[in-house]
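Summary of the model geometry
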Amino acid sequence: MSLPEIVSRAEWRAAREELLDKEKAVTRALDALRAERRRLPMVPVDREYVFAGGDGKATLLDLFQGRQQLVVHHFEFAPEWETGCRCCSAFLDQIGHLAHLQARRTTFVAVSRAPFTRILPFKARMGWTVPWYSSYPGDFDADFEVFSEEGGTPVQRPGVSCFLREGDRVFHTYSAYGRGLEGLGSTTSLLDLTALGRQEPWEEPEGRAWAVGAPVAQEHLRYHDEYDL
C-alpha cells in the first residue's frame, strides 16, 4: 500500500497551508456556482402525478407537506425487485434529521417505481423514517429522466430533483444524476441544490432569505427538537 510521505510537523504545516489556499479558492468557486444554480429559470409542472404513500394517494403538491420547496430523491427500486438499490440505500443512510431542512421551508422525500407494498418492508428493515412514495405505475420517473426503456430494456439511474411551490403552482427548478449526487446528504448540501438555497442574507441573488430572526441563518440554528415546525 502506498502511504503518505513522513515529514516533520513544520513541513506538514507548510504543505497544509499551501493546500488550504487551494481549498479556499474551491470554496469561493463553489459559492459562485451555487449562486448561478439559484439563478436558473424554472419550469411549470402542469402534469398531474399520483403517488402512493403512508396516508394513501398523494399529488406532487401534497409531497411538499405545506412547505415551499421539495427535494425528491429518485431512489432506484424497480417494481419487480424485493429490495432497493444498494447505492441509493447508502445515499439515504446519509440523510440526517429532517427538522433542519424543514425549518428552511424544505421537504425531503424519496420516490421509487416499486409499489408501496414492496417499499414498506424494505423501509422497515433499513430503519428509515424519511417519507417515501411510490410513483408506480405513472410517468413521473420517465418525465424527470431517471427511467427509460432502451430497446425494450428498462434503464434506471439515481437522481435528485428540486421543486418550488408558489401557491398551488409547482415548478421544477433543478435535477442532478449519477455522480451529481456525490457529496450530498447534509442539510446544507441539499439546500444548495434548491432555488432558495440556504436562505441566508449573504447569498446571491438577494431577496430569497427569510426575515431577520427566522431560524435560517447559522446563528439561528437550533437543536432539532426545538424548532417550531
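Residues numbered from 1 in each chain as written. Predicted model: local features only at pLDDT ≥ 70, side-chain atom pairs only at ≥ 80, totals over all residues. Heavy atoms only, no water.

**Brief notes about the nonpolar core**
- Core analysis: the biggest nonpolar cluster contains 29 residues, and F75, I95, F108 and W132 have the highest contact counts within it.
- Mapped by element, the contributors of at least two residues to this core are α3 (86–93), β5 (106–112), α5 (116–126), β9 (159–166), β10 (169–177) and α7 (187–191).
- Those residues in contact with W132 that lie beyond four places of it in its chain are A52, G53, F75, F77, A110, V111, S112, F116, I119, F122 and K123.
- Of all hydrophobic cores here, the second largest spans 16 residues; its members include Y49, F51, V72 and Y133. (Core = buried A, V, L, I, M, F, W, Y, C linked by side-chain atoms within 4.5 Å. Buried < 20%, exposed > 50% of the residue type's maximum accessible area, 1.4 Å probe, protein only. Helix = DSSP H or I, 4+ residues; strand = E, 2+ residues; numbered from the N terminus. Contact = heavy atoms within 4.5 Å.)

**Here's the deal with a nonpolar patch on the surface**
- On the surface, V26, L30 and L33 cluster together to form a nonpolar patch covering roughly 240 Å² of accessible area.
- Here V26 is to be found in helix α1 (residues 9–38). (Patch = residues over 30% accessible without salt bridge, like charges linked within 9 Å, V, L, I, M, F, W, Y side chains within 5 Å. Areas by Shrake-Rupley, 256 points an atom, 1.4 Å probe, with all protein chains shown as cover. Salt bridge = Lys/Arg side-chain N within 4 Å of Asp/Glu carboxyl O.)

**Concerning the pairing of strand β2 (residues 50–53)**
- Here β2 pairs with strand β3 (residues 56–59) via four bridges, running antiparallel. Each residue of the ladder has a partner; that of V50, found in β3, is T59.
- Adjacent in sequence and paired antiparallel, β2 and β3 are bridged by two residues. (Pairing = 2+ DSSP bridges.)

**So, the side chain of E203**
- Of note, E203 is situated in the segment after α7.
- Among all residues touching E203, those that are not within four sequence positions of it are R38, D192, L196, G197 and R198.

**Considerations on the pairing of strand β7 (residues 147–150)**
- Of the strand pairs in this sheet, β7 and strand β8 (residues 153–156) are connected by four bridges, and their pairing is antiparallel. Along β8, the bridge assignment pairs E150 with T153.
- The antiparallel hairpin formed by β7 and β8 contains two residues in its connecting segment, where G151 sits at a positive phi of about 65°.

**With respect to unusual backbone geometry**
- P137 follows Y136 through a cis peptide bond whose omega is 0°.
- Locating P137 in the fold gives a position in the loop between β6 (132–134) and α6 (140–143).
- Unlike most non-glycine residues, R105 shows phi in positive territory, near 60°.

**A short note on the environment of S134**
- Position of S134 among the secondary structure elements: in strand β6.
- Residue class for S134 comes out buried when judged on its relative accessible area of 1%.
- Along the chain, S134 and K22 lie 112 residues apart, while their C-alpha atoms are 43 Å from each other.
- Apart from residues lying up to four places away in sequence, S134 is in contact with V50, F51, A52, S112, R113, A114, P115, F116 and I119.
- Of the polar contacts made by the side chain of S134, one reaches the backbone oxygen of A114; its length is 2.6 Å.
- At 3.2 Å, the side chain of S134 forms a polar contact with the backbone nitrogen of Y136. (Polar contact = N/O pair within 3.5 Å; in protein donor to acceptor, adjacent residues only side chain to side chain.)

**Remarks on the packing of aromatic side chains**
- If you walk through the whole model with that rule in mind, you get 13 aromatic pairs.
- With a centroid separation of 6.4 Å and 65° between ring planes, the pair formed by F122 and W132 is classed as edge-to-face. Taken together, the residues F122 in helix α5 and W132 in strand β6 connect sequence positions 10 residues apart.
- Given the relative accessible area of 6%, F122 is considered buried.
- Taking relative accessible area as the criterion, W132 reaches 4% and is therefore assigned buried.
- Centroid distance F144 to F163: 5.2 Å. Interplanar angle 80°. Geometry classified as edge-to-face. (Phe/Tyr/Trp six-rings, centres within 6.5 Å; stacked < 30°, edge-to-face > 60°.)

**Focus: the environment of F140**
- Tracing the sequence through the fold places F140 in helix α6.
- Put simply, F140 and L60 are 80 residues apart on the chain and 9.6 Å apart in space, counted from C-alpha to C-alpha.
- Apart from the residues lying within four places of it in its own chain, the contact partners of F140 are Y49, F51, L60, V72, H74, V111, S135 and F163.

**What about the pattern of salt bridges?**
- Scanning the model with the defined rule gives 10 salt bridges in all.
- For R38, the salt bridge identified is with E203, shortest N-O distance 3.3 Å. Of the two residues, R38 is situated in helix α1 and E203 in the segment after α7; the sequence distance between them amounts to 165 residues. The exposure classification of R38 matches that of E203, with both residues buried.
- Between D192 and R198 there is a salt bridge; the shortest N-O distance is 2.8 Å. Pair check on accessibility: D192 and R198 agree, each one buried.

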